[in-house]
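The residues making up each chain are set out below.
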Amino acid sequence: MVTRGFVGRRQPPETGARLPPGQYLTQDFPILQIGPNPAVDLATWRFTLREGARPITSWTWAEFEALPRTAWHGDIHCVTKWSKFDTDWEGVSIDDLLAAAGIAAPTGYLLAESYDDYSTNVPVADLLGGRAMVATRYRGEPIHPDHGGPARLFVPHLYFWKSAKWVKGLRFTQEDTAGYWELRGYHMYGDPWREQRYIGD
Ligand SMILES: Nc1nc2c(c(=O)[nH]1)N[C@H]1C(S)=C(S)[C@@H](COP(=O)(O)O)O[C@H]1N2
Ligand SMILES: [Mo]
């Protein structure tokens, strides 16, 4: 207890304001996932947008790499209580993805689907206005497979379980459909600043 208080006071004052409630700051980059890294081959990689069951557009890796790119710098927050400051990501914003697909932003929700059978749900509105991307680079390098490379959904204003690693597509849905962790008791939305960790928070 004494050590905790001591460490707490040694943090720069701005650290507290940047940490959502119940979070602590870490310098490393923990790896959290439901199983082993899936094998993802760039030669056969596809990224597909779907409305319900219907495919709208799909990109190969080369096509995806040619889309407009956005950089993002900031903090990420995991529901297991670590936060990491000043991370740098690059990828294709959801705004640019929809524009490239030639569609207006759908109403409703999105279920992100991954190569490891993971999924997670997010309201579409949360992905617009530059607040989310399909990230392909971390700190200027291709994302390491342990962190979801070649491509992961990246929604930094929600708990990090919403940032689906090894993402293979986005499915737009009318209903808010629970993903892997949401089916197992985690919150449907997951705002770190409102500490929405579990259903009912
Ligand atoms: N495809 C996939 N994405 C996933 C997961 C997973 O198991 N599979 N785990 C989630 C969880 S619970 C967290 S906290 C973050 C961890 O990302 P990291 O390993 O890059 O820190 O990935 C999320 N995205
Ligand atoms: Mo997590």
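Here the structure is shown first, and the text comes after it.
None of these values were measured; they are calculated from a predicted model.

**Observations concerning the pairing of strand E7 (residues 119-123)**
- Within E7, five of the five residues are buried, leaving the element largely enclosed by the surrounding structure.
- Covered by surrounding structure in E7 are Ser119, Asn121 and Pro123 together with Thr120 and Val122, the residues of both alternating faces.
- Two elements, strand E6 (residues 109-114) and E7, share five bridges in a ladder whose sense is antiparallel. By the bridge assignment, Leu111 is partnered in E7 with Asn121.

**Details of the nonpolar core**
- Counting residues in each nonpolar core, the largest one holds 32 residues, and the members touching the most others are Phe47, Leu49, Phe64, Ile94, Leu97, Leu110 and Leu170.
- Those elements that provide at least two residues to this core are strand E2 (46-51), helix H3 (61-65), helix H4 (94-101), E6 and strand E11 (167-173).
- In terms of residue count, the dominant contributor to this core is H4 (four residues).
- Phe47 has contacts with Thr57, Ser58, Trp59, Phe64, Leu97, Val134, Val167, Lys168, Gly169 and Leu170, leaving out every residue within four places of it along the chain.
- Residues Ile76, Trp89, Met133 and Phe154 belong to the second largest nonpolar core, which totals 11 residues.

**Some words on the side chain of Asn121**
- Among the secondary structure elements, Asn121 is positioned in strand E7.
- By relative accessible area, Asn121 is classed as buried at 0%.
- Of note is the side chain of Asn121, whose polar atom sits 3.2 Å from the backbone nitrogen of Gly179.
- When neighbours within four sequence positions are excluded, Asn121 is seen to be in contact with Leu110, Leu111, Lys162, Asp176, Thr177, Ala178, Gly179, Glu182 and Met188.

**Examining the packing of aromatic side chains**
- Overall, the coordinates contain 22 aromatic pairs when judged by the stated rule.
- With a centroid separation of 6.1 Å and 80 degrees between ring planes, the pair formed by Trp82 and Phe160 is classed as edge-to-face. Placement of the pair is Trp82 in strand E5 (residues 82-93) and Phe160 in the loop between strand E10 (152-154) and E11, with a sequence separation of 78 residues.
- For Trp82, a relative accessible area of 3% puts it in the buried group.
- Since its relative accessible area comes to 8%, Phe160 is described here as buried.
- Chaining the aromatic ring pairs together yields one cluster made of Phe29, Trp72, Trp82, Trp89, Tyr138, Phe154 and Phe160.
- A cation over an aromatic ring shows up here: Arg18 above the ring of Phe85, its NZ or CZ 4.2 Å from the ring centre.

**Observations concerning the side chain of Asp116**
- Within the secondary structure, Asp116 sits in the loop between E6 and E7.
- Lacking a salt bridge, the buried Asp116 has Lys165 as its closest oppositely charged neighbour, with an N-O distance of 7.5 Å.
- One polar contact links the side chain of Asp116 to the main-chain amide nitrogen of Tyr118, over a distance of 3.2 Å.
- Apart from the residues within four sequence positions on either side, Asp116 is in contact with Ile34, Pro38 and Trp166.

**So, the environment of Gln196**
- The topology assignment puts Gln196 in the segment after E11.
- Spatially, the C-alpha atoms of Gln196 and Val79 are 8.8 Å apart, while their sequence positions differ by 117 residues.
- If sequence neighbours within four positions are ignored, Gln196 has contacts with Tyr159, Trp161, His187, Tyr189, Gly190, Asp191 and Asp201.
- Within the local environment of Gln196, its side chain forms a polar contact with the backbone nitrogen of Asp191, the two atoms lying 3.0 Å apart.

**Brief notes about H4**
- Listing the buried residues of H4 in full gives Ile94, Leu97, Leu98 and Ala101. Summarising the axial view, the buried residues of H4 lie within an arc of 95 degrees, below the 170-degree limit, and thus occupy one face.
- Positive backbone phi, approximately 75 degrees, marks Gly102, located one or two places after H4.

**Section: the site of ligand 1**
- Looking at ligand 1, there are 21 residues lining it, with Pro30, Asp116, His147, Arg152 and Lys165 nearest.
- Contact distances for ligand 1 include 3.0 Å between an oxygen atom and a backbone N or O atom of Leu32.
- With respect to ligand 1, the side chain of Lys165 contributes an N or O atom lying 2.6 Å from an oxygen atom.
- Considered on its own, ligand 1 offers 530 Å² of accessible surface; in the complex 97% of this is hidden by protein.
- The cavity that encloses ligand 1 is the largest pocket.
- The residue inventory of the shell around ligand 1, partitioned by class, reads 13 nonpolar, four polar and four charged.

The rules we used
- Residues numbered from 1 in each chain as written.
- Chains lettered and ligands numbered in written order.
- Predicted model: local features only at pLDDT ≥ 70, side-chain atom pairs only at ≥ 80, totals over all residues.
- Heavy atoms only, no water.
- Buried < 20%, exposed > 50% of the residue type's maximum accessible area, 1.4 Å probe, protein only.
- Helix = DSSP H or I, 4+ residues; strand = E, 2+ residues; numbered from the N terminus.
- Pairing = 2+ DSSP bridges.
- Core = buried A, V, L, I, M, F, W, Y, C linked by side-chain atoms within 4.5 Å.
- Contact = heavy atoms within 4.5 Å.
- Polar contact = N/O pair within 3.5 Å; in protein donor to acceptor, adjacent residues only side chain to side chain.
- Phe/Tyr/Trp six-rings, centres within 6.5 Å; stacked < 30°, edge-to-face > 60°.
- Lys NZ or Arg CZ within 6 Å of the ring centre and 35° of its normal.
- Lys, Arg positive; Asp, Glu negative; His and termini not counted.
- Salt bridge = Lys/Arg side-chain N within 4 Å of Asp/Glu carboxyl O.
- Arc of directions from axis to C-beta.
- Near = heavy atom within 4 Å.
- Areas by Shrake-Rupley, 256 points an atom, 1.4 Å probe, with all protein chains shown as cover.
- 1 Å grid on protein atoms, 1.4 Å probe; cavity = no way out; pocket = protein on both sides within 12 Å on 5 of 7 lines; lining within 4 Å.
- Sits in = over half its atoms within 2 Å of the grid points.
- Nonpolar A, V, L, I, M, F, W, Y, C, P; charged D, E, K, R; others polar.

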